[in-house]
Structure formats: structure tokens, C-alpha cells
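# A closer look at the structure
Okay, here's what each chain looks like letter by letter:
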Amino acid sequence: MVAKAFHFKAVLRGAVFAAAGLALAACTSVYRKHGYVPTPDQLAEVVPGIDTRDSVAETIGRPSSTGVLNESGYYYVATRFRHYGAKAPEPVARDLVAISFDAAGVVQGIERYSLEDGKVVPLERRVTSSGVQDNTFLRQLLGNLGNFGPGQLLDTE
């Protein structure tokens, strides 16, 4: 009988330690990287005043983002996010390389920015309300309960 109680305590103690270990492991940070930024060696191959849009695309590759206008620059963005438990992911590092072109499509300048150079701008998704309401049969039925008066039911007019 004593051996069974001792065995049960040992199993219970092991289960508690395993649960504590799993709880601690769940709280570790997970890092993810999104995007692409060319290396300094690749950027050294791009010569302002000589290279064009096509030569930059051949040397470095096409960016994931370009400017709003056709004549604007190329933007290479890489962000490293930290995921920690149930919290929302937060950016830990961000690199941005902006290559600007003139009207003829020749490289004017190459600029590099990091997360420390500016503020984090949260992006919003703006959706215009359509004004259409979801009126199901049950909602219409319950919505009309207070709209009746005794005169309407008896039709005394």
C-alpha cells in the first residue's frame, strides 16, 4: 500500500514538472522575417547615374513594393516580428531600401532606413459601410413586437 502511494506521488510530481516545463516553453519568443532587402554587396553593384530600372531589376531583383506613380522608386522592405504568447506580433527590426529614379528611369539615389529612423505606422483597412442591414426573419418578427397597438388588432376604424 505504501509503495502504491509513493509511486502515485512520483507520477504526480513528474506530471507537475512536465506541465510547468510546457508552460515555460509556451512563453518563448518566436521570430519571423517577412520581406527582402538586398545586401550591401548587391547595392554596391548599383551605380547612381548609370543604372536603369531594368538593370536594377536584373542585379537585385524586382521589389515587392513600388511607388504609387510609374516614375517613382523601388522599395525593398524586410521586417522581423517577435511573436510572444498570446500577444500581438510586434516589429523588432525593419530595414527599408529606397531606390529613386529620375524621369528617364535612371537611378538617382539609394537610401537605407531602419526601424529607428522613424515611427511605426499602423496600416488601417478602411471599409465603406454599405448601409444594408442584416434583417433575418426572427429579427423582423421581434423588432415589430412593440409596433402594434390594440386599435390595429381590432380594426375599429
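One can find the structure itself at the top, above this paragraph.
Summary of the structure given here. Bear in mind the structure is a predicted one, so any value in this text is a computation, not a measurement.

When its secondary structure is counted, the protein chain shows five helices and five strands. Reading the protein chain from its N terminus to its C terminus gives the helix and strand order α-β-α-α-β-β-β-β-α-α. Sequence separation of at least 24 residues holds for 46% of the intrachain contacts in the protein chain that already meet a minimum separation of 6. Roughly 12,700 Å² of accessible area belongs to the protein chain as shown, and the carbon and sulfur atoms make up 59% of that amount.

Once that is clear, we can look at the packing of aromatic side chains. Following the criterion strictly, the structure yields two aromatic pairs and no others. Between the aromatic rings of Tyr74 and Phe101, the centroid separation amounts to 5.1 Å while the plane-to-plane angle is 75°, which identifies the pairing as edge-to-face. Note that Tyr74 is positioned in strand 3 (residues 74–84) and Phe101 in strand 4 (residues 90–101), a separation of 27 residues in sequence. Of the two residues, Tyr74 and Phe101, both sit in the buried class. When the ring centre of Tyr31 is taken as reference, the NZ or CZ atom of Arg80 above it lies at 4.3 Å. Arg82 extends its terminal NZ or CZ atom over the ring of Tyr84, reaching a point 5.0 Å from the ring centre.

Conventions used here
- Residues numbered from 1 in each chain as written.
- Predicted model: local features only at pLDDT ≥ 70, side-chain atom pairs only at ≥ 80, totals over all residues.
- Heavy atoms only, no water.
- Helix = DSSP H or I, 4+ residues; strand = E, 2+ residues; numbered from the N terminus.
- Contact = heavy atoms within 4.5 Å.
- Areas by Shrake-Rupley, 256 points an atom, 1.4 Å probe, with all protein chains shown as cover.
- Phe/Tyr/Trp six-rings, centres within 6.5 Å; stacked < 30°, edge-to-face > 60°.
- Buried < 20%, exposed > 50% of the residue type's maximum accessible area, 1.4 Å probe, protein only.
- Lys NZ or Arg CZ within 6 Å of the ring centre and 35° of its normal.

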